[in-house]
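Examining the three-dimensional arrangement
Chain residues, written in single-letter form:
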Amino acid sequence: MTPKNFYDLTLKELQTYIVECGLPRFRANQIYRWVYGSGITDFTQMTDISRTLHPKLQEILTFNLPKVVWHKQSQIDGTQKILLEVNDPEGEQQTVEAVLIPSENRLTLCVSSEVGCNMACKFCYTGKQKLKRRLTVSQIVGQYIAAQKVLPEGQRISNIVFMGMGEPLDNPDNVFRSIEVFHEPSGFNLSRKKITVSTSGLVDLIPLVTKSKTRLAVSLNGSNDAVRSYIMPINKKWPIAELMKACKEHADETGDSVTLEYVLLKGVTDSIEDARELHRLTCNLPCKINIIPFNEHPGSGFTRPGEEAIRAFQNELIRLGSHVL
Ligand code: SF4
């Protein structure tokens, strides 16, 4: 029998697997607690698991996590980047990034869901690389474990956002299964409301976010179809009106507001008229707008607006009554 990687399994999946392997279901709960509660992966150290079971467990379970390549902390804003190697079946070395973002009362981990991305958003560096692979549950959960390890004793990640490399709804099975691990009380025990799934606008899959009871963020970035289709090809398939309808349905069903990300690109999305149009578009949706001045990178073809234009855009939205983050 080929062993399964423990970190690829939700608690329910581990229970099913353990029973299939001829062991009682409660052993799954014990192992889950040891691994996620105490960080112990050596069966011989799991004191409530009989020695006679160790060979069988070693035969059916492995513990494989992505390797940390490096970890760097920014001296400017305190964010910490962790680069992880994700093994590829064809042997190509691939890496993904997880970012720890401290703020006043929370410590957020931004996780990746894919290597590369097929959504091809024009302003995005990842979007320049075609999708190379969708991450497994262990590679998503592994980002959390690696990030937790670089934190000082006693500090804990409080929030998770699926906003790193990749479109989470292009890898829904593994993303929502990893959310089960993050949420599981004997896993990481994070409230579903502390987990945010950010999409570029795969409208037909937004109900999966609603069903998972996590929070929804949408990378909006344009206040009309012409601009949005120009910078985000997904808009040609799912135009703004359908996207906003899906956001409204999510908000109505969950009672949560939706976070709308809006990247400011000089001369493309940053005019005062854009701000007014953005307000008109979103004023009937319970939402918060996160203005993100463009982070320039070579070959993007876009530039970041000046500080004055950024402030003017924000102020106009605030003046009109939008909730700006
Ligand atoms: Fe980049 Fe996200 Fe667009 Fe993919 S969906 S290209 S990761 S912005």
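Structure first, text after, so check above.
Reading the values: rules and limits
Residues numbered from 1 in each chain as written. Predicted model: local features only at pLDDT ≥ 70, side-chain atom pairs only at ≥ 80, totals over all residues. Heavy atoms only, no water. Helix = DSSP H or I, 4+ residues; strand = E, 2+ residues; numbered from the N terminus. Rg over C-alpha atoms; globule rule 2.2 N^0.38 Å. Buried < 20%, exposed > 50% of the residue type's maximum accessible area, 1.4 Å probe, protein only. Areas by Shrake-Rupley, 256 points an atom, 1.4 Å probe, with all protein chains shown as cover. Lys, Arg positive; Asp, Glu negative; His and termini not counted. Charge placed at Lys NZ, Arg CZ, Asp CG, Glu CD. Polar contact = N/O pair within 3.5 Å; in protein donor to acceptor, adjacent residues only side chain to side chain. Contact = heavy atoms within 4.5 Å. Near = heavy atom within 4 Å. Nonpolar A, V, L, I, M, F, W, Y, C, P; charged D, E, K, R; others polar. Pairing = 2+ DSSP bridges. Axes fitted to C-alpha atoms, helices over the stretch in contact; angles between N-to-C directions. Left-handed = near helix turned anticlockwise from the far one by under 90°. Phe/Tyr/Trp six-rings, centres within 6.5 Å; stacked < 30°, edge-to-face > 60°. Core = buried A, V, L, I, M, F, W, Y, C linked by side-chain atoms within 4.5 Å. Expected span 1.5 Å × (residues − 1).

Here we look at the overall build of the protein chain
A count of helices and strands for the protein chain gives 11 helices and 13 strands. Taken over the C-alpha trace, the protein chain has a radius of gyration of 21 Å; the compact-globule value for 325 residues is 20 Å, and the two agree within 12%. If one aligns the C-alpha atoms of the protein chain with their principal axes, the spans along those axes are about 70 × 40 × 40 Å. The buried share of the protein chain, reckoned over its 325 residues, is 52%. A total of about 15,600 Å² of accessible surface is found on the protein chain, and carbon and sulfur atoms cover 50% of it. Side-chain charges in the protein chain split into 38 positive and 36 negative, and the spacing between the mean points of these groups amounts to 2 Å.

Looking at the side chain of Gln80
Inspection of the secondary structure puts Gln80 in strand β4 (residues 80-86). A distance of 2.5 Å separates polar atoms of two side chains, one belonging to Gln80 and the other to His71. Apart from residues lying up to four places away in sequence, Gln80 is in contact with His71, Lys72, Gln73, Ala98, Val99, Leu100, Val150 and Leu151.

With respect to the site of the ligand
The ligand sits among Cys117, Met119, Ala120, Cys121, Cys124, Gly127, Gly166 and Ser200. Residues that form the shell around the ligand fall into these classes: five nonpolar, three polar and no charged.

A closer look at the sheet that holds strand β12 (residues 258-264)
Pairing between the strands of a sheet comes from backbone hydrogen bonds, and it takes one of two forms, parallel or antiparallel. An order of β3-β4-β5-β6-β9-β10-β11-β12-β13 is seen for the nine strands of this open sheet, with the pairing classed as mixed. Only two strands of the sheet have a single neighbouring strand rather than two, namely β3 (67-73) and β13 (287-293). Adjacent strand axes in the sheet meet at a mean angle of 20°, parallel and antiparallel pairs treated alike. On top of the sheet, helix α5 (residues 172-183) reaches β9 (159-162) and β10 (195-199); it is set at about 180° to β9, its chief contact.

Comments concerning the side chain of Glu167
If you trace the backbone, Glu167 turns up in the loop between β9 and α5. A polar contact of 3.0 Å, which involves the side chain of Glu167, links it to the side chain of Thr199. In terms of polar contacts, Glu167 uses its side chain to reach the backbone amide nitrogen of Ser200, at 2.7 Å. Once residues within four sequence positions are removed from consideration, Glu167 is found in contact with Ser113, Glu114, Cys117, Met119, Ser198, Thr199, Ser200, Gly201 and Leu202.

Section: the packing of helix α10 (residues 272-282) against helix α11 (residues 307-320)
Relative orientation of the contacting elements α10 and α11 amounts to 35°, with a least axis distance of 9 Å. Between α10 and α11 lies a crossing whose hand is right-handed. Contact with α10, carried on its side by Ile272, Asp274, Ala275, Arg276, Leu278 and His279, involves Ala312, Phe313, Glu316, Leu317, Arg319 and Leu320 of α11 and no other residues of that element.

What about the packing of aromatic side chains?
Tallied over the entire structure, the rule returns 16 aromatic pairs. Aromatic side chains Tyr144 and Phe182 sit 5.5 Å apart centroid to centroid with 40° between the ring planes, which places their arrangement in the tilted category. One end of the pair, Tyr144, is in helix α4 (residues 137-150); the other, Phe182, is in helix α5, and 38 residues separate them in sequence. For the pair Tyr144 and Phe182, one class covers both residues: buried. Aromatic ring contacts, followed pair by pair, group Phe6, Tyr7, Tyr32, Tyr36, Phe43, Phe63, Tyr144, Phe162, Phe182 and Phe188 into a single cluster.

Considerations on the nonpolar core
If you look at the biggest cluster of nonpolar residues, it comprises 97 residues, and the most contacted ones within it are Ile31 and Phe162. Sort the elements by how many residues they give to this core and α4 lands first, with seven residues. Once you skip the residues sitting within four places of it in the chain, Ile31 turns out to touch Phe6, Ile18, Phe43, Met46, Ile49, Leu57 and Leu61.

Observations regarding helix α2 (residues 26-38)
Helix length check: α2, at 13 residues, gives a terminal C-alpha distance of 17 Å against a target of 18 Å (1.5 Å per residue), a fit within 8%. Listed in full, the buried residues belonging to α2 are Arg27, Ala28, Gln30, Ile31, Tyr32, Trp34, Val35 and Tyr36. Taken from the residues just after α2, Gly39 is the one with a positive phi, measuring 70°.

Focus: the environment of Trp70
Looking at where Trp70 falls in the secondary structure, it is placed in strand β3. The partly exposed category is assigned to Trp70, whose relative accessible area is 29%. When the C-alpha atoms of Trp70 and Tyr144 are compared, they prove to be 15 Å apart, with 74 residues separating the residues in sequence.

Some thoughts on the environment of Leu281
One can find Leu281 in helix α10. A sequence separation of 15 residues divides Leu281 from Glu296, and the C-alpha atoms of the two residues are 27 Å apart. Beyond its immediate stretch of four places on either side in the chain, Leu281 contacts Leu220, Gly222, Ser223, Ile240 and Met244.

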